[in-house]
Amino acid sequence: MKKLLITLILFVVITAGIPLTILGMMYDGSANDEIPRDLYTESLSGMDRLLMDVEAAFEEARGNPEADLEIALSEDIINSIIYDRIIGDDENEGTNPNYLPTEDCVDDQCYILQEAIDLGGRVGTIRLNGLWVTFEEDLIVGNAAIEVQYEDGFTFKSRVKLQLLVEDDLENDEFIIAFDRVSIGRIPLTRGLFTRVISLVNRVTGGNSIGTDALGLGTLDVNNLEYRIEKSEFVDMIAPEDGEENDLTVTLLTTIFENNLITFKLEDTAFMVNVRMSIMRNVDVNDIPSYLYDLHDIDGEFDGTLFNAERHLQSRFEAFVFNMALTGNTALTINQRTFNKILYQSMDGFEELGFVYEYNDSLGNPQAFVVDFRALWFEFDMEDNEIVLSIKGLFDFDGIPSLLEIRAEEISSSSGIYVFEITEVSLGKEPGKDEYLSISNLEPFKNFLKDMDDFPFGEIDSNGNLVINTAALTDLIDDGAVEGSVSVGSVEIVQGGIRINIEATDQNLQGILDDFSDALNTVFTDPNINTTLESSLNTVDDGPEKDTYDTFTNIQNKINANEPVTEEDIETLFESYDQMSPESQEAFMNAFKDSIDPSLVDDFESSFQD
């Protein structure tokens, strides 16, 4: 800001020797009256005004899936932001926190800053009394009200006007404000003279450009008299500070700018911002998988204590034992639901990946504008006998959903290790929708995934590829069994999950597992087990306990009828089992264990159950 004042001083110095008639044309005593001081006495900040307009634009867009966002940055919004920068806040030090140029202002309330001057022995003070913008046809006009006051009482007032042309440089991802004309009072200054003033400022300040701290962004190109703002600076300005946890949101905002989905133009009396929300939004896909809400309390808030990952994995191992006992299969399918719940819990419900802008409306009521990252989840699919992994993330732009989809295709597999390469990233893609954002720059998304903790089934390697391997899956199974008691022998990607072959790590353990499996098979044909379960579970009222019991009797009937029991039967049983309380789950398992030789139960529990 001080450089700006020096620039204004030099305007006066350079023109001081001209005839009095011209000096009179430079005089403008009305400039102070045009300072938008009415804005300064209102409770609304510049950001409040902006967010109110943004919210209004979103409200209109929510009701029309084809609509884009049209946000008008009016003179009032821009001038309020300039004023906020002048007085500062808790995060940004202002130029003059006391600035409030009302009609009865005194001392430093009346000016933004001042500087002592000495012109040929005449001592005085130059003040910058106001700084604001107006719109005139296709121009943005920057206005500065200045005042020079000498000790003898002589006061000279004037206004410097910078007429600015606006250009949205899509090729270079820059917003350009080019200096079209400069005037002081009613006298236009030539481009050459203005360049001379800037050169003098650079020599006085030792810099190579005029500071742009009034707005806090952008750089002045002195040679071409252009003020350039990289669009990435807008991302830095609107994204939360210290935001490692917001990297994905910031990456998305950067991507939106890079793909020219946000454009600018000057229209009538507002600076228009157009956001192509229609291309990014989703209509059919507007929520996270419903099973992730199992980790939410009755008020809809994330509660990680509602999901015990270790207990859930233990139930997967128990499902494997039942499957082995009743079907003879030694393979277990861990579905994507299990992986996604574990990931959702490990990321604390992804609550830290969104952010909220709080503001007050025109009545002073608190409001909030929310940019939310709801969740990230995995889907395992088969397309034309080829394995495809989809990593999906749901954004919510204040009520407008947008689905991010990262597609990964298998590039190699050997010895139980699958490697998937990210081949496509899209935003707003859904069935039947022709137009959506296809993102060609995949590196930011690979980097984001690399920065995350290892996934439950693998890791992201140094090349940004997703690796699913037996070692990671063995570690996962170890979380549900005694560490080191079992291992993953082979891996197969199937529709909806990963099928893994489990085996004990030595012959003695395998023998215990086989014996317990055989005993469990025998219990299913024992009629006493029905009586025990009926007394332990609520088998009358609808709910997970009744569902579990009914599925059990269906399996029992199949065995008695010599019909084959399938893996789907076991999966259905444990889907209901997983919905029961921990106490009911324990009662269910104890009903079977109480019918088995206690020594075999002890061997099984000590060898396999953590």
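Scoring rules and cut-offs
- Residues numbered from 1 in each chain as written.
- Predicted model: local features only at pLDDT ≥ 70, side-chain atom pairs only at ≥ 80, totals over all residues.
- Heavy atoms only, no water.
- Helix = DSSP H or I, 4+ residues; strand = E, 2+ residues; numbered from the N terminus.
- Buried < 20%, exposed > 50% of the residue type's maximum accessible area, 1.4 Å probe, protein only.
- Contact = heavy atoms within 4.5 Å.
- Areas by Shrake-Rupley, 256 points an atom, 1.4 Å probe, with all protein chains shown as cover.
- Pairing = 2+ DSSP bridges.
- Axes fitted to C-alpha atoms, helices over the stretch in contact; angles between N-to-C directions.
- pLDDT = per-residue confidence, 0-100.
- Expected span 1.5 Å × (residues − 1).
- Disulfide = S-S within 2.5 Å.
- Polar contact = N/O pair within 3.5 Å; in protein donor to acceptor, adjacent residues only side chain to side chain.
- Core = buried A, V, L, I, M, F, W, Y, C linked by side-chain atoms within 4.5 Å.

(A) Main features of the overall build of the chain. When you go through the chain residue by residue, the secondary structure sums to 19 helices and 22 strands. Residues counted as buried form 51% of the 610 residues belonging to the chain. Long-range contacts, defined here as pairs at least 24 residues apart, represent 59% of the contacts in the chain between residues at least 6 apart. Element-wise, carbon and sulfur atoms account for 45% of the exposed surface of the chain, whose accessible area totals about 28,500 Å².

(B) Quick look at the sheet that holds strand 22 (residues 497-504). Read from one edge to the other, the open sheet built from 3 strands follows the order 12-22-21, with strand pairing classed as antiparallel. Each of the sheet's edge strands pairs with one partner strand only, and the pair in question is strand 12 (331-335) and strand 21 (486-494). Neighbour-to-neighbour, the strand axes of the sheet open up by a mean angle of 30°, direction not taken into account. In terms of strand pairing, strand 12 meets strand 22 through 5 bridges, oriented antiparallel. Counterpart to Thr333 in the pairing with strand 22 is Arg499. Helix-sheet contacts for helix 10 (residues 309-327) involve strand 12, strand 21 and strand 22, and the interaxial angle to strand 12 is about 145°.

(C) Looking closely at the confidence of the model for the chain. Of the residues in the chain, 86% have a pLDDT of 70 or more, and the chain-wide mean is 81. Least confident of the elements in the chain is helix 1 (residues 2-15), whose mean pLDDT is 53; most confident is helix 16 (residues 544-560), at 92. Note on residues 204-215: pLDDT under 50 across the span, and 29 contacts to partners over four residues away in sequence or across chains.

(D) Geometry of helix 5 (residues 75-87). Its 13 residues place the ends of helix 5 18 Å apart at the C-alpha level, agreeing with the 18 Å of an ideal helix rising 1.5 Å per residue. Regarding helix 5, the residues found buried are Ile77, Ile78, Asn79, Ser80, Ile82, Tyr83 and Ile86. Looking one or two residues past helix 5, Gly88 carries a phi angle of roughly 75°, positive in sign.

(E) Spatial organisation of the state of the cysteines. Tallied over the full model, the rule gives 1 disulfide. Covalently, Cys105 is tied to Cys110 through a disulfide, its sulfur atoms 2.3 Å apart. An S-S torsion of about 120° defines the bridge between Cys105 and Cys110 as right-handed.

(F) Just the side chain of Ser390, in detail. By the element assignment, Ser390 lies in strand 15 (residues 386-397). A polar contact is formed between the side chain of Ser390 and the side chain of Glu405, at a distance of 3.3 Å. Ignoring any residue separated from it by four or fewer positions in sequence, one finds Ser390 in contact with Trp377, Phe378, Glu379, Asp381, Glu405 and Ile406.

(G) Here's a closer look at the nonpolar core. Counting 157 residues, the largest nonpolar core has Phe322, Phe457, Leu473, Ile498, Ile500 and Phe588 as its most contacted members. If one sorts the elements of this core by residue count, helix 10 sits on top with 10 residues. When neighbours within four sequence positions are excluded, Ile498 is seen to be in contact with Leu332, Thr333, Ile334, Phe339, Phe380, Phe457, Ile468, Leu473, Val491, Glu492 and Ile493. One finds Ile117, Ile126, Val148 and Tyr150 within the second-largest nonpolar core, a separate group that totals 5 residues.

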